[in-house]
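# Breakdown of the fold
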Amino acid sequence: MDAAAAVRQTPTAGPGPFASFVRFVVCGGGVGVLSSAAVPLLALLMPWALSNAVITIASTILCTELHALFTFGTGKRAGWREHWQSAGSAAVAYAVTSTAVLVLHTVQSTPSLLTEQTVYLTASGLAGLGRFLVLRLFVFATESRKPSPTATNVRRQPAWFGTRTPTAALSQAA
């Protein structure tokens, strides 16, 4: 095998955290803008709620593929596991933003539009940051980016584990 073929077959570690975050914002934001235009257009053909659901599903699938190939540079398309985990992280982000606005309306019955937007955008930003971390560290993690076990969270097995029963080990030690 020549050197060029070896380079083509060597998996890359993917982009660094800052580049991944910029790509995450660009991909997610770009698809979000396109989705916001697509929902009302599709709503001309079907009820708005159904249109929103269809576009949300389609945009989540598209974003997951973009994140796999471009944002996190895995070098391959997303599989079922990545799609389900990405959809789950999107659902959690949706729940966080909805809860934030619900809490605002519980605390203040008629908040101003500025207050409501501030709460929503803050929650959305925090949820997006959390989603980025989940996608980068768990869903699309390469071996070099997966959290490694530390001495504090590695469970050590006793010497007798798997070879003798605790009673036999104690009686032999006495």
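Residues numbered from 1 in each chain as written. Predicted model: local features only at pLDDT ≥ 70, side-chain atom pairs only at ≥ 80, totals over all residues. Heavy atoms only, no water.

### Focus on the packing of aromatic side chains
What counts here: Here the aromatic set is Phe, Tyr and Trp, taking the six-membered ring for Trp, and pairing holds for ring centres within 6.5 Å; pairs whose planes are under 30 degrees apart are stacked, those over 60 apart are edge-to-face, and all others are tilted. The secondary structure listing takes helices from DSSP runs of H or I that are at least 4 residues long and strands from runs of E that are at least 2 residues long, numbered from the N terminus. Summary of the burial criterion: residues with accessible area below 20% of their type's maximum are buried, those above 50% are exposed, and those between are partly exposed, where the area comes from a 1.4 Å probe applied to protein chains only. For a lysine, the NZ atom is tested; for an arginine, the CZ atom; a charge sits over a ring if that atom is within 6 Å of the ring centre and within 35 degrees of the ring normal.
Across all of its chains, the model carries four aromatic pairs by this definition. With centroids separated by 5.5 Å and ring planes inclined at 20°, the aromatic side chains of F72 and F140 adopt a geometry described as stacked. Residue F72 is located in the loop between α3 (48–71) and α4 (80–107), and its partner F140 is located in the loop between α5 (113–139) and α6 (166–173); the two are separated by 68 residues in the primary sequence. On the basis of relative accessibility, which here comes to 0%, the residue F72 falls in the buried class. Every member of this aromatic cluster is reached through a ring pair, and the members are F21, F24, F72, F132 and F140. Here the basic side chain of R23 rests over the ring of F70, its NZ or CZ set 4.6 Å away from the ring centre.

### Here's the deal with the environment of G88
Turning to its location among the elements, G88 is positioned in helix α4. Since its relative accessible area comes to 32%, G88 is described here as partly exposed. Separated by 43 residues in the primary sequence, G88 and R131 place their C-alpha atoms 9.7 Å from one another.

### Here we look at the environment of T56
Heads up, the condition is: Counting of polar contacts relies on pairs of N or O atoms within 3.5 Å, with two restrictions inside protein: one atom must be capable of donating a hydrogen and the other of accepting it, and residues adjacent in sequence are counted only when both atoms are side-chain atoms.
Tracing the sequence through the fold places T56 in helix α3. When its relative accessible area of 38% is taken as the criterion, T56 is described as partly exposed. Considered as a pair, T56 and S36 are 20 residues apart in the sequence and their alpha carbons are 9.7 Å apart. Reaching out from T56, the side chain makes a polar contact with the backbone oxygen of N52 at a distance of 2.7 Å.

### Looking at the pattern of salt bridges
Selection rule: Whenever Lys or Arg places a side-chain nitrogen within 4 Å of a carboxyl oxygen from Asp or Glu, that contact is recorded as a salt bridge.
In total, this model carries two salt bridges according to the counting rule given. Across the salt bridge formed by R77 and E65, the nearest N and O atoms sit 3.1 Å from each other. Of the two residues, R77 is situated in the loop between α3 and α4 and E65 in helix α3; the sequence distance between them amounts to twelve residues. The class for R77 is exposed, based on a relative accessible area of 62%. Judged by relative accessible area, E65 falls into the buried class, the value being 12%. E82 is the salt-bridge partner of R81, the closest N and O atoms lying 2.9 Å from each other. With relative accessibility at 12%, the residue E82 sits in the buried group.

### Concerning the nonpolar core
Condition: We call a set of buried residues a nonpolar core when its members are Ala, Val, Leu, Ile, Met, Phe, Trp, Tyr or Cys and they connect through side-chain atoms within 4.5 Å of each other.
Core analysis: the largest hydrophobic core is formed by eight residues, namely F24, A68, F72, A78, F132, L135, V139 and F140. If you tally residues by element for this core, the top one is α5, at three residues.

### Observations concerning helix α2 (residues 17–42)
As a reminder of what qualifies: Multiply 1.5 Å by the residue count of a helix minus one, and that product is the helix's expected span.
Taking 1.5 Å of rise per residue, 26 residues should cover 38 Å, and α2 covers 36 Å from first to last C-alpha, within 8% of that figure. Every buried residue of α2 is accounted for by S20, F24, C27, V31, S35, V39 and L42.

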